[in-house]
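# Breakdown of the fold
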Amino acid sequence: MKSSSSLSNDQKLKIWHHKAANPSIKQSALANWAMQEFKLSKVPTQGTISNILAKRQQYESMDSIELTSKHQRAVKHPKLDNVIANWVLQCQAHQVALSGDLIKEKACQFARQLELGERTPEFSNGWLAKFNIRHGFKAQKSYGESGSADLDAIDINMSTIKEKLQSYSLQDIYNMDETGLFYRMALDRTIARRQIEGSKKDKTRLTFVFAANADGSHKMEPLIIGHAQRPRAFNRKSGEQLGFYYRSNAKAWMTGLIFREWLQKMDQQMQDANRKVLLLLDNAPSHVVRDLPLTNVQVFLFPANTTSKIQPMDAGIITAFKRRYRRFQLQDAIDRDEQQKADIYKVDQLIAMKWTKAAWNDISSKTIANCFKHTGLFERETQKNEVGSEKQDIENELKNAINQLQISRPMSVHELINPEEEQQVAHEEISDKDLIKLSSSQDQEEEEDGEVMDENPLMSTKEKLNVLHSCISFLDLSNPNHVIAHKVLGNIQFVIRTIEKKQTTLDRYFCKEY
């Protein structure tokens, strides 16, 4: 019998077709079907099935020789392929009519800029057909035909949006948006200005993609876009191995290809959950949904120049995230200041990403639901307004931290949370020159200046318990908040002791056996 790793591309395509014919089938049942159908020695993993379902277009673009193979024939010039695809998507965003001849001519120009020389492929009609299938583009119209866009998502006005929202439950209405973040920005106005102006050189900016539904019951995993596939802080691991949804390019920008991947992943998740949802998006240049075969996600684009007023992410959700991120940053800055570190804002990308995940997870469903309601899009009551004490408490913490650090020219809390430049960099239009840069550096390892942070110094069990005991000794149990803290610290002590006990038992067992 074959192992699951020996699936041919043709078998993988058949798995996808079986899923298409049985949309309600779970991935576990699909894996069992594949094992029986192809006489595999073991059931394919959930990750294998998920990966197959996400690559339908790749398998459908293969010829008969590739389908019989166990591996997809690699694109000869992946950088060139990405450049052309992102250029096509940007043209589609501006509803520019493209012919096949125009794409081939542009491909020649990009090939010259990439200095492929004799390695330049022949941009034939066959190449164009495979390129279109590979990226899910429909055949381009020739010159003289109508240039009107056959879009899956259209611009709509407020009344149309409200009417459409009525046909979906709150849990099935989503909004997504991107934001930039200068993840180790200083609090001093002068230093921060220099950091922002030089961020493209020192690579201390990341782009984050956030999405959630209207009742706050589902916050999707954030997509993080950095400058390098494996920054030095990753210790040669991938973002996925570290537990993050992570992509990269030379400028840490959202591109049309990354967006389409994200949207198809969301559609697959909704297929697996047997849900039909509505996704509200702004008109960013990268948000091109044309030709995507979405089955469970319907996309509506907000009218131009209105997103700051009616987009829930802009109505407070992203600000809530940044408020919480900066709390982590300033707490760390105070610790480093007390340790007399030279640069109290120094933090590597991996720690910043961990703070990001914690900050996003900390946003309550009430906060998200209230931001959706604040847009005025919903006639129905989402949830009652959240009391502003949580927001005020965090902002008071930030003010106290700023005062404690004794900055000579400190930012205000508003300046710290909402630098205008952070939003600008998330939606910049990409020039041909930048498209080349995006592709040419995305596979390099980033060398961050300075040390990689050692956030988890090794401590013995006894040392950990002593630190927790010292913290508990400072608590005033007449204070209700201290009682809660006492319970939490006690639970942590219990977990540490339990782990130590299990490890000791294992050690004794192996010593006895061997």
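Attention in this report is confined to the structure presented alongside it.

What counts, and where the lines are drawn
Residues numbered from 1 in each chain as written. Predicted model: local features only at pLDDT ≥ 70, side-chain atom pairs only at ≥ 80, totals over all residues. Heavy atoms only, no water. Salt bridge = Lys/Arg side-chain N within 4 Å of Asp/Glu carboxyl O. Helix = DSSP H or I, 4+ residues; strand = E, 2+ residues; numbered from the N terminus. Buried < 20%, exposed > 50% of the residue type's maximum accessible area, 1.4 Å probe, protein only. Contact = heavy atoms within 4.5 Å. Polar contact = N/O pair within 3.5 Å; in protein donor to acceptor, adjacent residues only side chain to side chain. Arc of directions from axis to C-beta. Axes fitted to C-alpha atoms, helices over the stretch in contact; angles between N-to-C directions. Parallel < 35°, antiparallel > 145°, perpendicular 65-115°, else oblique. Left-handed = near helix turned anticlockwise from the far one by under 90°. Nonpolar A, V, L, I, M, F, W, Y, C, P; charged D, E, K, R; others polar. Core = buried A, V, L, I, M, F, W, Y, C linked by side-chain atoms within 4.5 Å. Pairing = 2+ DSSP bridges.

## What to know about the pattern of salt bridges
- A full pass over the atoms with the stated rule returns 7 salt bridges.
- Notably, a salt bridge pairs Glu395 with Arg323, separated by 3.2 Å at the nearest N-O pair. Of the two residues, Glu395 sits in helix H17 (residues 389-405) while Arg323 sits in helix H14 (residues 317-338), which places them 72 residues apart along the sequence. Each member of the pair, Glu395 as well as Arg323, carries the same accessibility label: buried.
- Ionic pairing is found between Asp362 and Arg324, a salt bridge with its closest N-O pair at 3.0 Å. Note that Asp362 is positioned in helix H15 (residues 349-362) and Arg324 in helix H14, a separation of 38 residues in sequence.
- Judged by its relative accessible area of 3%, Arg324 is buried.
- A cluster of three or more residues bridged by salt bridges with shared partners is formed by Arg324, Arg327, Asp362 and Glu397.

## Regarding helix H16 (residues 365-374)
- Residues of H16 that are buried include every one of Thr367, Ile368, Ala369, Asn370, Cys371 and Phe372, and no others.
- Summarising the contacts, the buried residues of H16 are in contact with strand E1 (173-182), strand E2 (205-213), H14 and H17.
- One or two residues past the end of H16 sits Gly376, with phi positive at roughly 80 degrees.

## Some words on the environment of Ser473
- Take Ser473: it is sitting in helix H21 (residues 461-473).
- With 13 residues separating them in the primary sequence, Ser473 and His486 have C-alpha atoms 9.3 Å apart.
- A polar contact of 2.5 Å, which involves the side chain of Ser473, links it to the backbone oxygen of Ser470.

## Some details on the environment of Ile15
- Tracing the chain through its elements places Ile15 in helix H1 (residues 9-21).
- A residue is classified by how much of its surface remains accessible, and Ile15, at 0% relative accessible area, is buried.
- Considering only alpha carbons, one finds Ile15 and Ile52, 37 residues apart in sequence, at a separation of 7.8 Å.
- Non-local contacts of Ile15, meaning those with residues more than four positions away in its chain, are made with Leu7, Leu30, Trp33, Ala34, Phe38, Ile49 and Ile52.

## A closer look at helix H3 (residues 46-54)
- For H3, the set of buried residues is Ile49, Ile52 and Leu53. End-on view of H3: buried residues confined to an arc of 95 degrees, all on one side of the axis.

## Considering the packing of H1 against helix H2 (residues 27-37)
- The N-to-C vectors of H1 and H2 enclose an angle of 130 degrees; their axes lie 11 Å apart at closest approach. As far as their axial angle goes, H2 and H1 are oblique. By crossing handedness, the relation of H1 to H2 is classed as right-handed. Every residue of H2 that contacts H1 at Lys14, Ile15, His18 and Lys19 is listed here: Leu30, Trp33 and Ala34.
- Of the residues in the contact of H1 with H2, the class split is 4 nonpolar, 1 polar and 2 charged.

## A short note on the nonpolar core
- Core analysis: the largest hydrophobic core is formed by 42 residues, its most contacted members being Leu165, Leu280, Tyr325, Leu377 and Phe378.
- If you list the elements that add at least two residues to this core, you get helix H9 (158-165), E1, E2, strand E5 (277-281), H14, H15 and H16.
- Counting residues per element, this core draws most heavily on H15, at 7 residues.
- Ranked by size, the runner-up nonpolar core spans 25 residues in total, among them Ala85, Trp87, Leu116 and Leu257.

## Brief notes about unusual backbone geometry
- With phi around 55 degrees, Lys39 is a residue other than glycine that occupies positive phi space.
- Checked against the element boundaries, Lys39 lands in the loop between H2 and H3.
- Looking at Lys39, the relative accessible area reads 58%, which means it is exposed.

## So, the packing of H14 against H15
- Contact pair H14 / H15: the axes reach a minimum separation of 9 Å and the direction vectors enclose 130 degrees. Considering the angle they form, H14 stands oblique to H15. In terms of crossing hand, the pair formed by H14 and H15 is right-handed. Residue-level inspection shows Ile317, Phe321, Arg324, Tyr325, Arg327, Phe328, Gln329 and Asp332 of H14 in contact with H15, the latter providing Ala352, Trp355, Thr356, Ala358, Ala359, Trp360 and Asp362.

## Brief notes about the pairing of E5
- Among the 5 residues that make up E5, 5 are buried, leaving the element largely enclosed by the rest of the structure.
- Neither face of E5 is left uncovered, since the one carrying Val277, Leu279 and Leu281 and the one carrying Leu278 and Leu280 both have all their residues buried.
- Inspection of the sheet shows E1 paired to E5 by 3 bridges, in the parallel sense. In the sheet register, Asn175 faces E5, and the bridge partner there is Leu280.
- For E5 and strand E6 (residues 297-301), the ladder comprises 5 bridges, and the chain directions are parallel. By the bridge assignment, Leu279 is partnered in E6 with Val299.

Shape descriptors only; they carry no functional weight alone.
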